[in-house]
Amino acid sequence: MTTASATTDDSGTGDAGPESAGPDSPGSAQAGAGAGTGADAGAGADPGSDAPQGEARPEARLEAAVRAAEQALIEFEIAVETFRVEVENFSRLHHQKLGPMYSRLDELDAQIAEAQAARTGDPEDIRKADEARARVMPMPGVEELFHGWMDSEGLFPEAVAMLTDQPVRPPQRVRPSDEARKLYRELARKAHPDLAQDEDERMRRDEFISRVNAAYARGDEALLRELSEEWAAGPVPKEWKPSRSEELYARLEWLSERKEMLTLVAHELEESAIGAMLKLAPDDPDRLLEEIAEQLLTQVGEREAELAKLVG
């Protein structure tokens, strides 16, 4: 996940530069969480070039701090969302590609335990065989009961698509293409809801960004290009000109709270089982799936040979 950090130039406006931080990595989001989202983000701001010379506007430094904090927060949100998509796609592809191998290993373990129990008749071996068989046939979970339509977190995206007459397009790779990531970042920076200055504009941006996120999650470059054209043709947001220092302080406080919430989200993603696996291969997560598959195939072969010795 791309590092989301903000550097403050001489004007104090904050130039965010995720591209300069190197390849995406889960830990980079946490590093970006400390980007300037407080009042100190604009401590070195120019007092304001639009004011008469020698007459600095009182709100100028606050405005610069807010701009820097907004940009830092947007970059951080992009980093968190990018990693969330990778974690979700990796989890689903992990289940699709490796689930059958894990099931085969569980079945072989159960057969080996049963063969061992049949040979020895030892009560302890029989108990272990029963436990191994129980693991192969667990109690049905939510996903099984609803035939793959939902889990404890709610409806799967495929189920939502079916119910809303949308085409079902599961992810093909863990990480969308470079072009899709570029388009996504551009759209997120232009249309982010946090840049709205009234409720109607926020609602418009929220609806648009939800479509951008859905297209990015599928790695749909064509749709992202269409969305980019749609946004370019839409209404131009009005320039924000705050009138009171209190509004600027309130804005900074909200941005800081939002940053803290995103920091918690990033931490949970990084500490999850799938997030931990992605840390093993941040540059090529798809290759990691192939390596795990190779290891599982080797284990399957070893279990089959062990079972053949017991029953042969």
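### A short note on the overall build of the protein
Then comes step 1: Looking only at helices and strands, the protein has eleven helices and four strands in total.
Then comes step 2: Summing over all exposed atoms, the protein offers an accessible surface of approximately 17,500 Å²; the carbon and sulfur share of this is 53%.

### Quick notes on the environment of V85
Then comes step 1: By the element assignment, V85 lies in helix α2 (residues 60-120).
Then comes step 2: Judged by relative accessible area, V85 falls into the buried class, the value being 1%.
Then comes step 3: Separated by 133 residues in sequence, V85 and R218 have C-alpha atoms that sit 9.1 Å apart.

### Structural notes on the nonpolar core
Then comes step 1: In this structure, F90 and L98 are the most contacted members of the largest nonpolar core, which totals 35 residues.
Then comes step 2: Taken together, the elements giving at least two residues each to this core come down to α2, α9 (245-271), α10 (273-280) and α11 (285-311).
Then comes step 3: Looking at this core element by element, the count peaks at 17 residues for α2.
Then comes step 4: If you look at the next biggest cluster of nonpolar residues, it comprises 18 residues, including I74, I78, A188 and A191.

### Let's talk about helix α6 (residues 178-191)
Then comes step 1: With 14 residues, α6 ought to run about 20 Å at 1.5 Å a step, and its terminal C-alpha atoms sit 20 Å apart, in line with that.
Then comes step 2: Considered for burial, the residues of α6 that qualify are A180, R181, L183, Y184, R185, L187, A188 and A191.
Then comes step 3: In this fold, the buried residues of α6 make contact with α2, α7 (199-217) and α8 (221-233).

### Looking at the packing of α7 against α8
Then comes step 1: As a packed pair, α7 and α8 sit with axes 9 Å apart at the nearest point and diverge in direction by 160 degrees. Put simply, α7 runs roughly antiparallel to α8. In this structure, the crossing between α7 and α8 has a hand that is left-handed. Contact residues: E201, R204, R205, F208, R211, V212, A215 and Y216 in α7; L223, L224, L227, E230 and W231 in α8.
Then comes step 2: Grouping the constituent residues of the contact of α7 with α8 by class yields eight nonpolar, no polar and five charged.

### Re the packing of aromatic side chains
Then comes step 1: In the structure shown here, the tally under the stated rule is two aromatic pairs.
Then comes step 2: Between Y184 and Y216, the ring centres sit 4.3 Å apart and the planes meet at 15 degrees, which makes this aromatic pair stacked. Here Y216 lies in helix α7 and Y184 lies in helix α6, a separation of 32 residues in the sequence.
Then comes step 3: By relative accessible area, which is 4% here, Y184 ends up buried.
Then comes step 4: Given the relative accessible area of 1%, Y216 is considered buried.

Conventions we followed
Residues numbered from 1 in each chain as written. Predicted model: local features only at pLDDT ≥ 70, side-chain atom pairs only at ≥ 80, totals over all residues. Heavy atoms only, no water. Helix = DSSP H or I, 4+ residues; strand = E, 2+ residues; numbered from the N terminus. Areas by Shrake-Rupley, 256 points an atom, 1.4 Å probe, with all protein chains shown as cover. Buried < 20%, exposed > 50% of the residue type's maximum accessible area, 1.4 Å probe, protein only. Core = buried A, V, L, I, M, F, W, Y, C linked by side-chain atoms within 4.5 Å. Expected span 1.5 Å × (residues − 1). Contact = heavy atoms within 4.5 Å. Axes fitted to C-alpha atoms, helices over the stretch in contact; angles between N-to-C directions. Parallel < 35°, antiparallel > 145°, perpendicular 65-115°, else oblique. Left-handed = near helix turned anticlockwise from the far one by under 90°. Nonpolar A, V, L, I, M, F, W, Y, C, P; charged D, E, K, R; others polar. Phe/Tyr/Trp six-rings, centres within 6.5 Å; stacked < 30°, edge-to-face > 60°.

Take it as geometry only, folks, not as evidence of what the structure does.
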